[in-house]
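# Reading the structure
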Amino acid sequence: MIIFIAIFAILILIQLVSGLFALIVRKGLIKTYSFPLSSQIEAATILENYSRVHGKVNLRVHEEIELPAYAMEEFIVINRNKIYLFDLFTNYYLLFQLELTKKKHNKLRDLSTLQNFLFFIELVFFGVSFIPSGFQNILIYIAIAIQTLSILISLIAYSMFELALREVHKNARDMLDLDEVEVARAEALKEDLKYTVFEYPLDMLDKIIKFFIPSRFS
């Protein structure tokens, strides 16, 4: 059983390190890519232009979301405080979320829920495997199988995000009227955005901590 505990430990370390790297990258996106666009196109203008090309966009306005926008099924939540910004990150990220509202990206939108669930279940099976019973080995086998599935799903999702972001990048060049320097910066931003698919371990741990610790102490 010790060898399987070691395998579990290695796999969970891979998950946590990948998640930490992805979180660090995401936290630095705004600072790294908040270059004012030479075209000075605002996010509000992008919404208008996108609606003309792709049809009416259903909007919800919110002030408390961290990022410029958040995609839901067939509508998008917009950060009221960022709607008139004209930097690269805000506008590119808005186009990314607009792309994710499409039905063909339903699985990508629901991805984090599935990833969080699987990560939680793998921890449960691993923890229960230490309770004396006749099924300890089976339980840890299941935990490792779920870990492996989680990692595979993340790698597949990484490829799916690549396909979605290619479409975003193609649209961004024209809609944001990017010059050659901005195109290169947008390409780097595209690559960094894909890493968000690996954040789920830290996201789930954060939810677990907040569940067990009263909010006034969190």
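This one's a predicted model, so the numbers in the text were calculated from it and none came from an experiment.

Let us now look at a nonpolar patch on the surface. Together, F120, V124, V128 and I131 line one region of the surface with nonpolar side chains, adding up to about 310 Å² of accessible area. With respect to the secondary-structure elements, F120 resides in helix α6 (residues 111–128).

Pairing is mixed in the open sheet, where 3 strands are placed in the order β1-β3-β2. In this open sheet, the two edge strands, each paired with only one partner strand, are β1 (58–62) and β2 (69–72). The mean angle between the axes of side-by-side strands here comes to 25 degrees, regardless of whether they run parallel or antiparallel. In this sheet, strand β3 (residues 75–79) lies alongside β2 in antiparallel orientation, the contact comprising 4 bridges. When the bridges of β3 are listed, A69 appears paired with I78. Relative to β2, helix α4 (residues 88–100) is tilted by about 10 degrees, and along the sheet it contacts β2 and β3.

Let us look at the pattern of salt bridges. Taken as a whole, this structure holds 14 salt bridges when the rule is applied. For E162, the salt bridge identified is with R166, shortest N-O distance 2.9 Å. Separated by 4 residues within a single helix, E162 and R166 lie in helix α7 (residues 136–175), roughly one turn from each other. Classification of E162 as buried rests on a relative accessible area of 14%. When the shortest N-O distance is used, the salt bridge between E180 and R173 registers 2.7 Å. The class of E180 is exposed, set by a relative accessible area of 57%. Connected through salt bridges with shared partners, the residues E162, R166, E187, K190, E191 and K194 form a single ionic network.

This part is about the nonpolar core. Ranked by internal contacts, the top residues of the largest apolar core, which has 48 residues, are Y92, L94 and L95. Not counting residues up to four positions away in its chain, the partners in contact with L95 are I46, Y50, V168, A172, M175 and L176. In this structure, F8, L11, F119 and I140 belong to the second largest nonpolar core, which totals 11 residues.

Okay, the environment of S18 next. Relative to the elements of secondary structure, S18 occurs in helix α1 (residues 2–27). In this structure S18 comes out as partly exposed when scored by relative accessible area, which is 27%. As a C-alpha pair, S18 and K56 span 38 residues in sequence and 37 Å in three-dimensional space.

Conventions and cut-offs
- Residues numbered from 1 in each chain as written.
- Predicted model: local features only at pLDDT ≥ 70, side-chain atom pairs only at ≥ 80, totals over all residues.
- Heavy atoms only, no water.
- Patch = residues over 30% accessible without salt bridge, like charges linked within 9 Å, V, L, I, M, F, W, Y side chains within 5 Å.
- Areas by Shrake-Rupley, 256 points an atom, 1.4 Å probe, with all protein chains shown as cover.
- Salt bridge = Lys/Arg side-chain N within 4 Å of Asp/Glu carboxyl O.
- Helix = DSSP H or I, 4+ residues; strand = E, 2+ residues; numbered from the N terminus.
- Pairing = 2+ DSSP bridges.
- Axes fitted to C-alpha atoms, helices over the stretch in contact; angles between N-to-C directions.
- Contact = heavy atoms within 4.5 Å.
- Buried < 20%, exposed > 50% of the residue type's maximum accessible area, 1.4 Å probe, protein only.
- Core = buried A, V, L, I, M, F, W, Y, C linked by side-chain atoms within 4.5 Å.

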